[in-house]
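Observations on the model geometry
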Amino acid sequence: MKFLITGLNHRTAPVEVRERLAFNETRLIQALDDLKRRPGLLEGMILSTCNRVEIAITTDEETNAEDAIEQFLAETQQVSREWVSQYLYHHQGPEAIRHLFRVASSLDSMVVGEPQILGQLKSAYNAAKTQGALSGFLEAVLSKAFNVAKRVRSETDIGQSAVSVSYAAVEMAKEIFGSLSDRRVLLVGAGKMSELSARHLKRSGVGRVYVTNRTRERALEMARVFDGAVIDYDKFVSSLPEMDIVIASSGAPHYILQKDQMRKVIEARKNRPMFLIDIAVPRNIDPAVNQLDNVFLYDIDDLQRVVDQNVKGRMQVAEQAEEIIREEVERMMLRLRAREVAPMIVSLQEQLEQVRLSEIERVRGKLGSLTPQQEDAIEALTRGIVNKIAHGPITELRKQAANPDGAHFANVIRRVFRLGASH
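Focus on helix α9 (residues 192-203)
If you check α9, its first and last C-alpha atoms are 17 Å apart, about what twelve residues at 1.5 Å a residue would give, namely 16 Å. Within α9, the full set of buried residues consists of Ser 194, Glu 195, Ser 197, Ala 198, His 200 and Leu 201. Gly 205 sits one or two positions beyond α9 and adopts a positive phi of about 105°.

If you want it as structure tokens, here you go:
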């Protein structure tokens, strides 16, 4: 049996290629049905995200796995094989197991340590399982990958620090306020970055989200996303004393909040702290606002510096995670080697038993009539001889299965006793 992972990701293919080869939910089900019907393919799973498309398969020994999967991808996505192959990577055997463990543990992600990939991999597993495309080896490797990812998360700090600007803003807010429950957030402008920051804040428990924008329709649209409320753009400054967090991302070419305005706001708040996030370019908030007590202003460069520092920290932690991956791949390979020798041992025992029976049959005519006791004696004698012959090779096979050279020893035994290829 062969195990292969073929795919492309953010490092090997630009976004327009990844989009062209991605599988939506409907096409994924159809593709899995097609995959499992392909000659020689035993199991299959398709992982499709915005940053990667990967197909994991097991095949019989005779099948050219790389050829089969490239052909499948080209036909399914209606592209030429020559065009798609230039973006693909292939991992086989132990390297495929290692790759799968790294993907599950978010070591192969664009943002190392991001948590989404594990959920996406579990969804891919469930889809393949539902379609009957998983049944044995691949299913076992995927289950192990989930356990490895859990170990990496629990034994390292790989997912603890913010590595996106929007998430860094949330972490800053927590440092200032502690709990974010019941805090009020105002989005000034309805851009994508402010929406991402607000989503993180909402997940962190903020109480109410308000939106203001020069175009009221866009403000209403954003407010619906967060079950929030709209504030008229020409009145938002007067609402600031009621807000704890302000995310500014309007397209205004000048400062929309000045130091004197914020001095009045903080006085009206009786000096309760306020967190201002200016992620607009050009900036929306006068940097002099930072001179006021209890006003914490961060622009996009401030947040990026936090992100850069955290990314460095994650890369150091990733080295610990890579060591865990190495250990787990080694353990998995040892278990697989031990499992591989089981059918070989059965084959050896069956072959020796067949030799024993055929030799008894060959000399039976020369023995004449035998009593039941004599029959039992011959049976015991020949079985004992066979067991003694088999004992040494079988014991050593089981012992060597746990060693790196186990495969070499198994091949020697296979040749010596002329056993068929392992399954």
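Okay, back to it.
Comments concerning the packing of helix α5 (residues 93-104) against helix α6 (residues 116-130)
With their axes 8 Å apart at the nearest point, α5 and α6 run at an angle of 120° to one another. Considering their axes alone, α5 and α6 lie oblique with respect to each other. Two secondary-structure elements touch here, α5 through Leu 100, Val 103 and Ala 104 and α6 through Ile 117, Leu 118 and Leu 121. In terms of residue class, the contact of α5 with α6 is made up of six nonpolar, no polar and no charged.

Some details on the packing of aromatic side chains
The full count for this structure, using the stated rule, is five aromatic pairs. An angle of 70° between the planes, with centres 5.4 Å apart, marks the rings of Phe 3 and Phe 137 as edge-to-face. Of this pair, Phe 3 sits in strand β1 (residues 2-9) while Phe 137 sits in helix α7 (residues 137-155), placing them 134 residues apart in sequence. Among the residues examined, Phe 3 registers a relative accessible area of 5% and is labelled buried. Judged by its relative accessible area of 10%, Phe 137 falls in the buried class. Centroid distance Tyr 125 to Phe 146: 5.6 Å. Interplanar angle 85°. Geometry classified as edge-to-face. One end of the pair, Tyr 125, is in helix α6; the other, Phe 146, is in helix α7, with 21 residues separating them in the sequence.

A look at the sheet that holds strand β4 (residues 89-92)
One open sheet holds the four strands; their spatial order is β2-β3-β1-β4, and the pairing between them is antiparallel. Two strands lie at the open edges of the sheet, namely β2 (41-48) and β4, each paired on one side alone. Going across the sheet, the axis of each strand differs from the next one's by a mean of 15°, ignoring polarity. With eight bridges connecting them, β1 and strand β3 (residues 52-59) associate as antiparallel partners. Of the residues in β3, the one forming a bridge with Asn 9 is Arg 52. In this fold helix α3 (residues 65-77) packs onto β1, β2, β3 and β4, with an angle of close to 135° to the strand it touches most, β3.

Criteria and cut-off values
Residues numbered from 1 in each chain as written. Predicted model: local features only at pLDDT ≥ 70, side-chain atom pairs only at ≥ 80, totals over all residues. Heavy atoms only, no water. Helix = DSSP H or I, 4+ residues; strand = E, 2+ residues; numbered from the N terminus. Expected span 1.5 Å × (residues − 1). Buried < 20%, exposed > 50% of the residue type's maximum accessible area, 1.4 Å probe, protein only. Axes fitted to C-alpha atoms, helices over the stretch in contact; angles between N-to-C directions. Parallel < 35°, antiparallel > 145°, perpendicular 65-115°, else oblique. Contact = heavy atoms within 4.5 Å. Nonpolar A, V, L, I, M, F, W, Y, C, P; charged D, E, K, R; others polar. Phe/Tyr/Trp six-rings, centres within 6.5 Å; stacked < 30°, edge-to-face > 60°. Pairing = 2+ DSSP bridges.

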